[in-house]
Amino acid sequence: MKKVYLETFGCQMNVSDSERVATRLAADGFEITPDEAAADVVLLNTCSVREKAEHKLFTRIGQVGKAAADRGDKKPLLGVLGCVAQLEGETLFGKTPAIDFVLGTRAVGRVSEAIDKAFGGANQFADLGEREAAYDWSVADAQRHSPYIAFVPIIEGCNKFCTYCIVPFSRGREKSLPATEIVQHVLRLRREGIREVHLIGQNVNSYRPKTDDGLENQPGATPFSKLLRAVAATGIERVKFTTSFPRDFHPDIIEAINEHENLCNWVHLPVQSGSSRILKLMRRGHTVENYLERIERIKASPRRIALTTDIIVGFPGETEADFQATLDLAEYCQFNSAYIFKYSPRPGTPAFEMPDDVSAAEKTERFLRLDNLIRFHQQKVFRAYINQTVEVLAEKISEKHSNQISGHTSCQMVVNFEGAADLLGKIVKVRILESKANTLYGKIC
Ligand code: SF4
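These numbers were taken from a predicted model, which means no experiment stands behind them.

Participant: Outline the overall build of the protein, listing residues and values.
Facilitator: Scanning the protein from terminus to terminus reveals 13 helices and 19 strands. For the protein, whose C-alpha radius of gyration is 22 Å, the value lies close to the compact-globule estimate of 22 Å for 445 residues. Once the C-alpha set of the protein is aligned to its principal axes, its extents read approximately 60 × 55 × 50 Å. When each of the 445 residues of the protein is scored for burial, the buried share is 54%. Across the protein, contacts joining residues at least 24 apart in sequence account for 71% of those joining residues at least 6 apart. For the protein, the accessible area works out to roughly 19,400 Å², and carbon and sulfur atoms hold 52% of it. Side chains of the protein give 57 positive and 57 negative charges; the mean places of these two sets differ by 2 Å.

Here it is, written out as structure tokens:
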């Protein structure tokens, strides 16, 4: 049995693709190994969102080759998957002879065929084709990042073309998966013991299937809110969704959350900047005022909904006043957490042509100021949970303390508490006693 080592970089969509790759490989008779040294095949599922993605890929390829040589082994078969593969395609072969094959973002379902072809003697070939007509909704024996949580893709690709972003080029245009299949899939996951599903996509709330099949006819409701209600009706214990696009964050999404307890208390709504002028340069399709209207609706919910976001500092043309507006927005919104990125130009995007005129030192300084503010509010939010009882999905034994369990609340906060392995997979009530950096600590009650 050939052994495959699979390494994943980047977002949840890549993690989800890797799960499907691993599931496909296991079904086709390959063994997935966590031990790179034992592998006959190394697969690198790449991300192109961060800076120097290609540089990092070649560094990693060099490490794989060197480790094999140090052991006196032949280099394992090496496949590059994901966004860098899709964007660079066959040009990667001209840069290193070490890569045996390249599979684009929509071709990962053909991974077994690619490995067989390479073992059969084919060398340096690329498959950047379209996905198979039917989506692979494997449930039984699926390889997952957690036995209790499943990622469920509902929409692939992106049509928004924000000026800094490479995703519409690496993942293609938006394609919503059929609602009936999604709902059936969640029902099967529930029967298999999955407690929490994450509906995922670059912009989940832009969900727009070709037909409204399987969704109840609620006049005026957006397809995403109808899907949320249909998934909630499966009775699965928790439903989370990410990422949401501000322009498409319609009021009926919050109405659905208010009405269904199993729709979780968490909205990830990337704002990117607190300056409408910069948002226009980013071509985000929303202003600060539009964004704040959505925040007001979320805050008005009787549920205690946690808000998280993404912010870019140092976008071309960002002045100190623009940045101050971002600080003001963060002060007002009081996010539970934020992913902050220092802007870096991506070849192939419109922003690449703009002068990258905020110096590296200024970007770092703005990053730190914003990070401090976000952490300050995060700690305030976290401390407000002390002496309160929250429900936590017990997901795994803590990496640092073997007598502790780690899991997430409905609002996606990490909670650690004392407990044994028999609790794993259960949703338990925990009284919060302490708050540290990014984690709450408590005692089961
Ligand atoms: S919405 Fe904008 S930032 Fe998000 S994936 Fe699409 S282009 Fe990229």
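Participant: Kindly report on the pairing of strand β3 (residues 41–46), identifying the contributing residues and their values.
Facilitator: Counting buried residues along β3, six of its six residues qualify, which places the element largely inside the surrounding structure. Relative to β3, strand β1 (residues 3–8) runs parallel, the two sharing five bridges. Bridge pairing links Y5 to V42 in β3. As defined by bridge partners, β3 adjoins strand β4 (residues 77–81) across five bridges and the pair is classed as parallel. Within β4, the residue paired with N45 across the bridge is L81. On the question of chirality, the crossover connecting β3 to the parallel β4 by way of helix α2 (residues 53–71) is right-handed.

Participant: Explain the UniProt feature "domain: MTTase N-terminal" (unreviewed entry) in the protein to me, using residue names and the numbers behind them.
Facilitator: The sites that carry the UniProt feature "domain: MTTase N-terminal" (unreviewed entry) are, in the present numbering, residues 2–120. Between the C-alpha atoms that bound residues 2–120 the distance is 13 Å, and the span itself is 47% helix and 18% strand.

Participant: Go over the site of the ligand, please, and point to the residues and values.
Facilitator: Inspection of the region around the ligand gives C158, K160, F161, C162, Y164, C165, V167, P168, Q202, N203, F245 and R284 as its neighbouring residues. Tallied by class, the residues present in the shell around the ligand amount to eight nonpolar, two polar and two charged.

Participant: Lay out the packing of aromatic side chains in plain terms, naming residues and giving numbers.
Facilitator: Using the criterion set out here, one finds five aromatic pairs in the structure. Aromatic pair F101 and F125: ring centres 5.7 Å apart, planes at 15°, arrangement stacked. Of this pair, F101 sits in strand β5 (residues 101–103) while F125 is found in strand β6 (residues 125–127), placing the two residues 24 residues apart along the sequence. For the residue pair F101 and F125, the accessibility class agrees, reading buried in each case. Here the aromatic rings of F315 and Y343 are separated by 5.2 Å at their centres, their planes lie at 70°, and the arrangement is edge-to-face. Here Y343 lies in the loop between β14 (337–342) and α13 (360–383) and F315 lies in the loop between β13 (306–313) and α12 (320–333), a separation of 28 residues in the sequence. According to the relative accessible area criterion, Y343 is buried, its value standing at 5%. Pairwise contacts between aromatic rings join Y164, F315 and Y343 into one cluster. Between the NZ or CZ atom of K2 and the centre of the ring of F119, over which it lies, the distance is 4.7 Å.

Participant: Which residues make up the pattern of salt bridges, and what are the values?
Facilitator: This model, assessed by the stated rule, comprises 30 salt bridges. In this structure, E174 and K160 form a salt bridge, with 2.5 Å as the shortest nitrogen-oxygen distance. Of the two residues, E174 is situated in the loop between α6 (167–171) and β9 (175–176) and K160 in the loop between β8 (155–156) and α6; the sequence distance between them amounts to 14 residues. A salt bridge links K160 to D248, with the nearest nitrogen and oxygen atoms 3.8 Å apart. Of this pair, K160 sits in the loop between β8 and α6 while D248 sits in the loop between β11 (238–242) and α9 (251–259), and the two are 88 residues apart along the sequence. Considered together, K160 and D248 belong to a single accessibility category, that of buried residues. Taken together, the shared-partner salt bridges in this structure form one network comprising D17, R20, R131, E156 and R171.

Participant: Got a sec to walk through the sheet that holds β13? Specific residues and values, please.
Facilitator: Strands sit in the order β12-β13-β14 across an open sheet of three strands; the sheet is parallel. Every other strand in the sheet has two partners, leaving β12 (266–268) and β14 as the edge strands with one partner each. Between one strand axis and the next, the sheet turns by 10° as a mean value, whatever way the strands run. Bridge count for β12 against β13 is three bridges, and the pairing is parallel. Its bridge partner being in β13, W266 is matched across the sheet by A306.

Criteria and thresholds
Residues numbered from 1 in each chain as written. Predicted model: local features only at pLDDT ≥ 70, side-chain atom pairs only at ≥ 80, totals over all residues. Heavy atoms only, no water. Helix = DSSP H or I, 4+ residues; strand = E, 2+ residues; numbered from the N terminus. Rg over C-alpha atoms; globule rule 2.2 N^0.38 Å. Buried < 20%, exposed > 50% of the residue type's maximum accessible area, 1.4 Å probe, protein only. Contact = heavy atoms within 4.5 Å. Areas by Shrake-Rupley, 256 points an atom, 1.4 Å probe, with all protein chains shown as cover. Lys, Arg positive; Asp, Glu negative; His and termini not counted. Charge placed at Lys NZ, Arg CZ, Asp CG, Glu CD. Pairing = 2+ DSSP bridges. Right-handed = clockwise from strand over helix to strand, strands pointing away. UniProt positions renumbered as here; feature names shortened; annotations may be inferred. Near = heavy atom within 4 Å. Nonpolar A, V, L, I, M, F, W, Y, C, P; charged D, E, K, R; others polar. Phe/Tyr/Trp six-rings, centres within 6.5 Å; stacked < 30°, edge-to-face > 60°. Lys NZ or Arg CZ within 6 Å of the ring centre and 35° of its normal. Salt bridge = Lys/Arg side-chain N within 4 Å of Asp/Glu carboxyl O. Axes fitted to C-alpha atoms, helices over the stretch in contact; angles between N-to-C directions.

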